[in-house]
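Examination of the molecular architecture
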Amino acid sequence: MEDQAELQERLRRQRPVDWDQLPDFSLYMDQVLSYMDRQVLRFDGDDGLTAAMVNNYTKGGLLPRADGKKYSREHLAYLTVICVLKQVLSTRDMHLLLDQELKDSGSVEAGYQTFCRSLDGSMNLTADQMDRHQDPEKLADSAIHFALLSYAAGAASRRYVTLLRHQRDAGEEKPARDKRVRQKKEEESD
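To start, this report covers the structure provided alongside it. (Residues numbered from 1 in each chain as written. Predicted model: local features only at pLDDT ≥ 70, side-chain atom pairs only at ≥ 80, totals over all residues. Heavy atoms only, no water.)

Quick look at the overall build of the protein chain
Each helix and strand in the protein chain was counted, giving seven helices and zero strands. The N-to-C order of helical and strand elements in the protein chain reads α-α-α-α-α-α-α. A burial count over the protein chain gives 32% of its 190 residues as buried. In the protein chain, once contacts between residues fewer than 6 apart in sequence are set aside, the share between residues at least 24 apart is 69%. Roughly 12,500 Å² of accessible area belongs to the protein chain as shown, and the carbon and sulfur atoms make up 51% of that amount. (Helix = DSSP H or I, 4+ residues; strand = E, 2+ residues; numbered from the N terminus. Buried < 20%, exposed > 50% of the residue type's maximum accessible area, 1.4 Å probe, protein only. Contact = heavy atoms within 4.5 Å. Areas by Shrake-Rupley, 256 points an atom, 1.4 Å probe, with all protein chains shown as cover.)

Details of the nonpolar core
Soluble globular proteins tend to pack their nonpolar side chains together in the buried interior. Counting residues in each nonpolar core, the largest one holds 35 residues, and the members touching the most others are Met36, Leu49, Val54 and Leu79. For this core, the elements supplying multiple residues, two or more each, are α2 (29-39), α3 (51-59), α4 (73-85), α5 (91-105) and α6 (108-131). Among the elements that take part in this core, α4 stands out by supplying eight residues, more than any other. What Leu79 contacts, discounting residues up to four positions off in sequence, is Val32, Met36, Leu49, Val54, Tyr57 and Leu63. (Core = buried A, V, L, I, M, F, W, Y, C linked by side-chain atoms within 4.5 Å.)

Points about a negative patch on the surface
Side chains of Asp18, Asp20, Glu74 and Glu109 sit close together on the surface and give a patch of like negative charge. Relative to the elements of secondary structure, Glu109 occurs in helix α6. (Patch = residues over 30% accessible without salt bridge, like charges linked within 9 Å, V, L, I, M, F, W, Y side chains within 5 Å. Salt bridge = Lys/Arg side-chain N within 4 Å of Asp/Glu carboxyl O. Lys, Arg positive; Asp, Glu negative; His and termini not counted. Charge placed at Lys NZ, Arg CZ, Asp CG, Glu CD.)

What about α3?
For α3, the set of buried residues is Val54, Tyr57 and Thr58. For α3, the angular spread of the buried residues around the axis is 100°, confining them to a single face. Those residues of α3 hidden inside the fold are in contact with α2 and α4. Just past α3, the residue Gly61 takes up positive phi, approximately 85°. (Arc of directions from axis to C-beta.)

Some points on the side chain of Gln39
Here Gln39 shows up in helix α2. Judged by its relative accessible area of 3%, Gln39 is buried. In this structure the side chain of Gln39 is engaged in a polar contact, spanning 3.0 Å, whose partner is the backbone nitrogen of Val17. Not counting residues within four places of it along the chain, the set of residues in contact with Gln39 comprises Arg15, Pro16, Val17, Leu22, Thr80 and Tyr112. (Polar contact = N/O pair within 3.5 Å; in protein donor to acceptor, adjacent residues only side chain to side chain.)

Thoughts on the pattern of salt bridges
Tallying each qualifying case throughout the model produces six salt bridges. Arg12 is paired through a salt bridge with Asp128; the nearest N and O atoms lie 2.7 Å apart. In this pair, Arg12 is assigned in helix α1 (residues 2-13) and Asp128 in helix α6, connecting sequence segments 116 residues apart. Among the salt bridges present, the one from Arg165 reaches Asp93, with a minimum N-O distance of 3.1 Å.

Re α2
Regarding α2, the residues found buried are Met29, Val32, Leu33, Tyr35, Met36 and Gln39. Down the axis of α2, the buried set is contained in an arc of 165°. They therefore lie on one face. Turned more than 90 degrees away from the buried face of α2, the exposed residues are Asp30 and Arg38. If you follow the buried residues of α2, they end up packed against α3, α4 and α6.

A word on a nonpolar patch on the surface
Together, Ile144, Leu148 and Tyr151 line one region of the surface with nonpolar side chains, adding up to about 350 Å² of accessible area. Among the secondary structure elements, Leu148 is positioned in helix α7 (residues 139-189). Overall, the relative accessible area of 52% leaves Leu148 in the exposed class.

Thoughts on the packing of α2 against α4
Taken N-terminus to C-terminus, the directions of α2 and α4 make an angle of 50°; their axes are 10 Å apart at the nearest point. The angle between α2 and α4 places the two elements in the oblique class. Considering only the axes of α2 and α4, their crossing is right-handed. Every residue of α4 that contacts α2 at Val32, Tyr35, Met36 and Gln39 is listed here: Leu76, Leu79, Thr80 and Cys83. Here the contact of α2 with α4 is composed, by residue class, of six nonpolar, two polar and no charged. (Axes fitted to C-alpha atoms, helices over the stretch in contact; angles between N-to-C directions. Parallel < 35°, antiparallel > 145°, perpendicular 65-115°, else oblique. Left-handed = near helix turned anticlockwise from the far one by under 90°. Nonpolar A, V, L, I, M, F, W, Y, C, P; charged D, E, K, R; others polar.)

Put into structure tokens, the structure is as follows:
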């Protein structure tokens, strides 16, 4: 029961810091890794961010390149989002969502703030659900309940990502189609 109460309390209280509280000076890799341990919920010693992961996120285009060997506030925001979303999304889906969220919000700061508000609501919702699942004799029932919530939320998320991908692809096709139409008209007028 203590583990459940501890988790519920962490879900209610532990949050990534606000944008204005992210360091406004550059950090080296070891400082970034240490900082990120405090940004997200962690329970096992082996599920933390590593330098290899940061390098892979950079190579994969999820994370902007460091300025020399230093990482900025923007990098910390990206890494916070990535560390949370990697638990439930593929790298490909995260890439699409990061691109879209930043495009829609206009800046890393605005996208990060939107992400943090949504995360806050989700964590509070889960903690509230735990109030109804406190019976230590029914741990399996509680685990199934939260697994099913995860399943349903995952299905919704995958569907939204698919719709977003279709929207993006249709938007990319339109300029190419318009260019082909212009070229055809030019050829016909010659």
